[in-house]
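Letter by letter, the chains look like this.
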Amino acid sequence: ATLTDAGVTAAAEVADGFFPVWMDPEKYSVFQPSVEKGLNAADDKSLQQFDIAPFVTVVMGDNVEECMMPIRGNMALYIGGMGARDKNFYNDYCKRLGFEDEAIKIQDLYLAGRKDEAMAAVPAELIDACHLVGPAERIRERLQRWKQADADGTVSNMLLGCQQADALEVVASEML
């Protein structure tokens with residue numbers, strides 16, 4: 001598991017893949033230069049031989065915002081509270097995903113002990129980009145992005161975190 005440029009480069013060079021803590025399947029570009037640098041340093045290795053397998057939380061329910069709540073807490077902890085203010089790899093990653101102002105706000109709130117406010121500051125757009133939440137049909141629709149990333153060769157597996165058997169069945173029926 002890694003998110004830093006150097007870590008992704010090293011993984012691409014010597015490992016079989018890596019596990020982003022979360023990932024927007026439409027923003028492989030965040031990792032692309034580092035992956036390509038590592039693959040180029042390896043002997044006879046291509047993207048097809050490198051497994052990019054992000055963690056994806058799945059929460060199914062009628063209310064999208066309610067489904068996002070448990071994810072908000074986890075993302076607020078990582079973006080806001082993992083490491084020192086100037087050494088938080090997850091905060092830096094959130095910024096690279098296009099949420100720079102939000103990452104700063106989440107970290108400021110979290111480090112000030114205002115964890116509930118930090119959770120509320122995690123953008124729904126970020127959660128939605130990286131996870132699968134909401135009614136079954138919405139999850140099926142959002143899975144199309146992941147299927148395209150698979151077809152493009154930029155995501156090879158999804159490591160699903162889910163407590164609902166019926167939600168896993170929805171994902172399996174769409175992906176298998």
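Check the entry above for the structure.
Please read these numbers as outputs of a predicted model, since none were measured by experiment. (Residues numbered from 1 in each chain as written. Predicted model: local features only at pLDDT ≥ 70, side-chain atom pairs only at ≥ 80, totals over all residues. Heavy atoms only, no water.)

Moving on, we get to the nonpolar core. Soluble globular proteins tend to bury their nonpolar side chains together. Trp-22, Phe-31 and Val-35 are the most contacted members of the largest nonpolar core, which has 53 residues in total. With seven residues, the top contributor of residues to this core is helix H3 (residues 64-81). Once you skip the residues sitting within four places of it in the chain, Val-35 turns out to touch Val-8, Ala-12, Phe-18, Tyr-28, Leu-47 and Phe-50. (Core = buried A, V, L, I, M, F, W, Y, C linked by side-chain atoms within 4.5 Å. Buried < 20%, exposed > 50% of the residue type's maximum accessible area, 1.4 Å probe, protein only. Helix = DSSP H or I, 4+ residues; strand = E, 2+ residues; numbered from the N terminus. Contact = heavy atoms within 4.5 Å.)

Relative to the elements of secondary structure, Ala-42 occurs in the loop between helix H2 (32-41) and strand E2 (51-52). In the structure, Ala-42 is positioned 30 residues away from Ala-12 in sequence and 7.8 Å away in space, judged by C-alpha atoms. Those residues in contact with Ala-42, other than ones at most four positions away along the chain, are Ala-12 and Glu-13.

In total, this model carries eight aromatic pairs according to the counting rule given. Relative to Tyr-90, the ring of Trp-22 has its centre 6.3 Å away and its plane inclined at 35 degrees; by these criteria the two rings are tilted. On the criterion of sequence distance, the pair formed by Trp-22 in the loop between strand E1 (17-18) and H2 and Tyr-90 in helix H4 (residues 89-96) is long-range, its members being 68 residues apart. For Tyr-90, a relative accessible area of 23% translates into the label partly exposed. (Phe/Tyr/Trp six-rings, centres within 6.5 Å; stacked < 30°, edge-to-face > 60°.)

Here three bridges tie strand E3 (residues 55-60) to strand E5 (residues 159-161), and the two strands are oriented parallel to one another. Bridge pairing in E5 links Val-56 to Leu-160. Bridge count for E3 against strand E4 (residues 132-134) is three bridges, and the pairing is parallel. Paired with Val-59 across the two strands is Val-133, which belongs to E4. (Pairing = 2+ DSSP bridges.)

Inspection of the entire model under this criterion finds nine salt bridges. Among the ionic pairs, Arg-114 bridges to Glu-117, the shortest N-O distance being 2.7 Å. Residue class for Glu-117 comes out partly exposed when judged on its relative accessible area of 39%. Connected via shared salt-bridge partners are Asp-24, Glu-26 and Arg-145. (Salt bridge = Lys/Arg side-chain N within 4 Å of Asp/Glu carboxyl O.)

For the rest of this paragraph, the subject is the packing of helix H8 (residues 136-152) against helix H9 (residues 165-175). At a closest axis distance of 10 Å, the pairing of H8 and H9 adopts a crossing angle of 45 degrees. In terms of orientation, H8 and H9 fall into the oblique class. Every pair of crossing elements has a handedness; the one defined by H8 and H9 is right-handed. Residue-level contacts link Ala-136, Ile-139, Arg-140, Leu-143, Gln-144, Trp-146 and Lys-147 of H8 to Val-170, Val-171, Ser-173, Glu-174 and Met-175 of H9. A class-by-class count of the residues in the contact of H8 with H9 yields seven nonpolar, two polar and three charged. (Axes fitted to C-alpha atoms, helices over the stretch in contact; angles between N-to-C directions. Parallel < 35°, antiparallel > 145°, perpendicular 65-115°, else oblique. Left-handed = near helix turned anticlockwise from the far one by under 90°. Nonpolar A, V, L, I, M, F, W, Y, C, P; charged D, E, K, R; others polar.)

What follows covers the sheet that holds E4. Within a sheet, each strand pairs with its neighbour through backbone hydrogen bonds, oriented either parallel or antiparallel. Within the open sheet, the three strands sit side by side as E4-E3-E5. Their pairing is parallel. A strand with exactly one partner marks an edge of an open sheet, and here the two such strands are E4 and E5. Between one strand axis and the next, the sheet turns through 25 degrees on average, direction left out of account. Across the sheet, H3 is in contact with E3 and E4; its angle to E4 comes to roughly 140 degrees. The strands that H9 touches are E3, E4 and E5; relative to E3, the one it contacts most, it runs at about 115 degrees.

Note that every value here comes from positions in space, so none of it alone points to a role or purpose.
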